[in-house]
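Chain by chain, the residues:
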Amino acid sequence: MKHLTLLALALTLIATICLGAKSPYQAVLMHSKIRGRPHGPNVCAMQKIQGTDKKYFTNCKQWYQRKICGKPAVISYECCPGYEKMPGEKGCPAALPLVDIYNTLGVAGASTTQMYTDRANLKEEIDSPGSVTFFAPSNTAWSALPHEILDALVSNVNIELLNALHYHMVDRRLTSEDLKHGSSFTSMYQDFDVHIHHYPNGIVTVNCARLIKTDQHATNGIVHVVDRVITAISNNVHSFIDTDDDLETLRTALAAAGMTTMLESEGQYTLFAPTNEAFEKIPPDTLNRILGDPVALRDLLNYHILKHMQCAESIVTGMPMETMQGTVLEVGCDGDHMTLNGKAIITKTDQLGTNGVIHYIDELLIPDSAKTLLELMEGSTVTKAQQMFVDAGLGPLLSGSEALTLLAPQDDAFKGSMTMDGEMRKLMNNHLLKTQLSSKSLYHGQELDTVGGLKLRVFVYRNNLCIENACIAAHDKMGRFASMLTVDKVLTPPTGTIMDVLKADDRFSLLTGALQTAGMTELMNQQNLLTVFAPTNDAFNTIPRPELNRLLQNSQELSRVLRYHMGDGMLVSGGVTSHTRMQPLLGDRLEMGMRNYTVYVNRVPVVEADLMATNGVVHAVNSIIKPLPPRVERAQSDGPAPRVRSTSSRVRKASVRRGFKNEDLFQRVKNSRSSRTMTQRQ
């Protein structure tokens, strides 16, 4: 208990400090300091991706997951920015000596930038009076430059190299707190701007280069070490697309959708740009349909554009991000690869424009809103239903432009082999509604017209939304003209009243006769909805034959027994939770539960659920349902009853007090058997 209290206090301290931070970067820095505190003053905990040199300050989530971009991360402890170790002392107690920008480059580990500063004769300039911010490429960043680019820079140090270094400099001191998300600062190269993004996870980028060592203070400015050499940006996103032949199809599509102006305007866009190859992978019929439909085309293109700028280096885990189309993409990473919806389809990252960034992808992303019903079903959990609809001759309808709603059963809803005959074709037609709907527009008691000519009823429960016996099992898929609602069962539309259902099933022949004897036929045919837990012949045969005969001849007693098996209203199996109650037509409430996909009522299992009728639903049971004893009644009723001792007189009296007569009947049956046994003994 003491350890839990200390842990809670530590977490509260971390949360308090992090919430008080002025920026996301400061929040992760503070968290790293707290994690490093046991190792001495000014020690920061860093997470390093195994097998690489990439290090990150850690936040709470990453600390416990020990993963970055899906790869294992190891913890190392280093001096926090601005501090250094002292021989013989714990931690990093000493502040780094404050020196000028040039010498700070060496202290910060940017010795290659320091060397190129010498070559470009820039040392005298940065040592002159004033204050400078230097986004200094790390040694690894210079090594990663293509040889032809690096050769071009160092072969013309007075112009090319000098210009490149000037673009990494801003003529003022900018700490990490000054580097606000979406801000821009004029560089010292021909007044070209550098673009800052400060992400919620604490990562800060300049022109999509990640700051790996921040706030290295100097006497005449500040140094931030970055993980790549940055280049000047002069063109907007559309200009970039306009000059790249690999994006020719995209360029044509944007023009056809009237979206050229948007990508030329000011903003902070992220475009996942499909290459020509990506478009060629789409079946021609599908591609031509979308390209010829302005609404679908605009949705498709907007689905490739985020509302904000997201550099590749800012991603350390999967995150849902909203697109211009209104839905989300899962943007993540797997090691060194940026991913979309879990796929490594991004071939080139961080092509920067003045109003956004482009990432190339080799697979076209088609949103649901641009798809037909058949396309919505592809690659989902309803592939069996897709084949059944096609076999029923509904393919052209599902590929057309008619406003429809498809009720698509999940694959596991189809049991055994399904033969496509006339009845099955009718059934598949009745899985199609005549208008486009979403599950949010449905309400209890609503009637829905099907293509097959039937009316289906909607039932709203606390835990489920059902259409007849089938309940919604997944999020809606809203297509271009039609929508798809995934359901957990194949529909069984009602074809008659409860009495018709019982008469048509030989298992209920005794129940049918009993209902007639009890004068309840009219009740079974009335319009008011009923839920009937229907005892099968096997259930009646569990009663000793003499008592069964006597019961079947006593219409009044029989009516009491049968009415306890019926409840007002419509309750399909999908509406049953672990603790569901229903008031029967006579007697105390019925206690229901669900376990292992089986419905139990007063601990009696339902052997077949959801026999749908026009005026209710029938659930078959193989036992006569009895009231639960008081102590069992309060327990969960989702399984077989535990073995108990014989019923005491106290329980029998409680049953009488509750006013339920059937218990008397069952007790008399028991007493009668006992009396016969005693007579035989005598």
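**Quick word on the overall build of the protein**
The helix and strand tally for the protein stands at 28 helices and 35 strands. The buried share among the 682 residues of the protein stands at 50%. Contacts in the protein between residues far apart in sequence, at least 24 positions, make up 63% of those at least 6 positions apart. In the structure as shown, the protein presents an accessible area of about 32,400 Å², 50% of it carried by carbon and sulfur atoms.

**Looking at the pattern of salt bridges**
Applying the stated criterion across every chain yields a total of 24 salt bridges. The partner of K426 in a salt bridge is E423, with the nearest N and O atoms 3.8 Å apart. Of this pair, K426 and E423 both sit in helix α19 (residues 422-429), three residues apart, which is roughly one turn of the helix. Of the two residues, K426 and E423, neither departs from the other in class, the shared state being exposed.

**As for the environment of L162**
Its place among the elements puts L162 in helix α9 (residues 157-167). Excluding residues within four positions of it along the chain, L162 makes contact with A120, L122 and V157.

**Quick notes on the sheet that holds strand β24 (residues 455-460)**
Strand order in the open sheet made by the four strands is β23-β24-β25-β26, with antiparallel pairing throughout. In the strand order of this sheet, the two ends are held by β23 (447-449) and β26 (470-471), each with one partner. Bridge count between β24 and strand β25 (residues 465-467): three bridges; the pairing is antiparallel. From the neighbouring strand, V460 faces β25, where its bridge partner is L465.

**So, the confidence of the model for the protein**
In this model, the protein carries an average pLDDT of 89, and 89% of its residues clear a pLDDT of 70 or more. Note on residues 641-682: pLDDT under 50 across the span, and 41 contacts to partners over four residues away in sequence or across chains.

**Overview of the state of the cysteines**
Under the counting rule described, the total for this entry stands at five disulfides. The partner cysteine of C69 in its disulfide is C333, sulfur to sulfur 2.1 Å. Because the torsion about its S-S bond is -90°, the bridge between C69 and C333 counts as left-handed. Here the residue C69 occupies a position in the loop between β3 (67-68) and β4 (71-79), and C333 occupies one in strand β17 (residues 328-334), the gap between them amounting to 264 residues.

**A short note on helix α5 (residues 111-119)**
For the α-helix, the turn length of 3.6 residues means that residues three or four positions removed from each other point alike. Among the residues making up α5, those that are buried are T112, T113, Q114, Y116 and T117. Residues of α5 that are buried sit in contact with α4 (101-107), α6 (123-126), β7 (132-137), α7 (139-144), α8 (147-154) and α9. Two residues or fewer past α5, N121 is found with a positive phi of approximately 55°.

**Digging into the packing of α8 against α9**
Contact pair α8 / α9: the axes reach a minimum separation of 6 Å and the direction vectors enclose 120°. Between α8 and α9, the residues in contact are A152, L153 and V154 and V157, E160, L161 and A164, respectively. Here the residues of the contact of α8 with α9 are counted per class, giving six nonpolar, no polar and one charged.

**Some thoughts on unusual backbone geometry**
Positive phi outside glycine occurs at N42, with the angle close to 60°. By the element assignment, N42 lies in the loop between α2 (24-36) and β1 (43-49).

**Examining the sheet that holds strand β2 (residues 55-57)**
Pairing is antiparallel in the open sheet, where four strands are placed in the order β2-β1-β4-β3. Unpaired on one side and paired on the other, β2 and β3 mark the two borders of the sheet. Bridge count between β1 and β2: three bridges; the pairing is antiparallel. Counted as the bridge partner of K48 is K55 from β2. Sheet strands touched by α2: β1, β2 and β4. Its angle to β1, the strand with the most contacts, is close to 105°.

**Regarding the pairing of β17**
Alignment of strand β16 (residues 319-322) against β17, held across four bridges, turns out to be antiparallel. Bridging from a neighbouring strand, M321 pairs with L329 of β17. If you look at the hairpin formed by β16 and β17, you'll find five residues sitting between the two strands, and G326 has a positive phi there, around 110°. Strand direction decides the pairing type here: β17 and strand β18 (residues 337-340), joined by four bridges, are antiparallel. In the strand pairing of β18, C333 is matched with M338. Here β17 folds back onto β18, and the loop between the two strands holds two residues, one of which, G335, carries a positive phi near 65°.

**Topic: the packing of aromatic side chains**
Enumeration according to the criterion identifies three aromatic pairs in this entry. For the ring pair Y25 and F57, a centre distance of 6.0 Å and an interplane angle of 65° mean the geometry is edge-to-face. Of the two residues, Y25 sits in helix α2 while F57 sits in strand β2, which places them 32 residues apart along the sequence. Neither residue differs from the other here; Y25 and F57 are each classed as buried.

**Digging into the packing of α5 against α9**
Running from N to C, α5 and α9 cross one another at 140°; their axes reach a closest spacing of 9 Å. Between α5 and α9, the angle is such that the two are oblique. Regarding α5 and α9, the two cross each other, and that crossing is left-handed. Facing α5, whose interface residues are T113, Y116, T117 and R119, α9 presents V157, L161 and L165. Classifying every residue of the contact of α5 with α9 gives four nonpolar, two polar and one charged.

**Quick notes on the side chain of H195**
On the secondary structure map, H195 appears in strand β10 (residues 193-198). A distance of 3.0 Å separates polar atoms of two side chains, one belonging to H195 and the other to S184.

**A look at the environment of V487**
As for its placement among the helices and strands, V487 is situated in strand β28 (residues 483-487). Using a relative accessible area of 0% as the deciding quantity, one classes V487 as buried. Measuring from C-alpha to C-alpha, the distance between V487 and A470 comes to 5.7 Å, with 17 residues separating the pair along the chain. Not counting residues within four places of it along the chain, the set of residues in contact with V487 comprises L407, A408, P409, Q410, A470, C471, I472 and A473.

**Points about the side chain of S559**
Looking at the secondary structure, you find S559 in helix α25 (residues 555-563). The exposure class of S559 is buried, given its relative accessible area of 12%. Residues within four places of S559 in sequence aside, it is in contact with A518 and M520.

**What to know about the environment of F533**
Positionally, F533 belongs in strand β29 (residues 530-535). Along the sequence, F533 and M566 sit 33 residues apart, while their C-alpha atoms lie 6.2 Å from each other. Excluding residues within four positions of it along the chain, F533 makes contact with H565, M582, L590, M592, V601, V606, H619, V621 and I625.

About the criteria used
Residues numbered from 1 in each chain as written. Predicted model: local features only at pLDDT ≥ 70, side-chain atom pairs only at ≥ 80, totals over all residues. Heavy atoms only, no water. Helix = DSSP H or I, 4+ residues; strand = E, 2+ residues; numbered from the N terminus. Buried < 20%, exposed > 50% of the residue type's maximum accessible area, 1.4 Å probe, protein only. Contact = heavy atoms within 4.5 Å. Areas by Shrake-Rupley, 256 points an atom, 1.4 Å probe, with all protein chains shown as cover. Salt bridge = Lys/Arg side-chain N within 4 Å of Asp/Glu carboxyl O. Pairing = 2+ DSSP bridges. pLDDT = per-residue confidence, 0-100. Disulfide = S-S within 2.5 Å. Axes fitted to C-alpha atoms, helices over the stretch in contact; angles between N-to-C directions. Nonpolar A, V, L, I, M, F, W, Y, C, P; charged D, E, K, R; others polar. Phe/Tyr/Trp six-rings, centres within 6.5 Å; stacked < 30°, edge-to-face > 60°. Parallel < 35°, antiparallel > 145°, perpendicular 65-115°, else oblique. Left-handed = near helix turned anticlockwise from the far one by under 90°. Polar contact = N/O pair within 3.5 Å; in protein donor to acceptor, adjacent residues only side chain to side chain.

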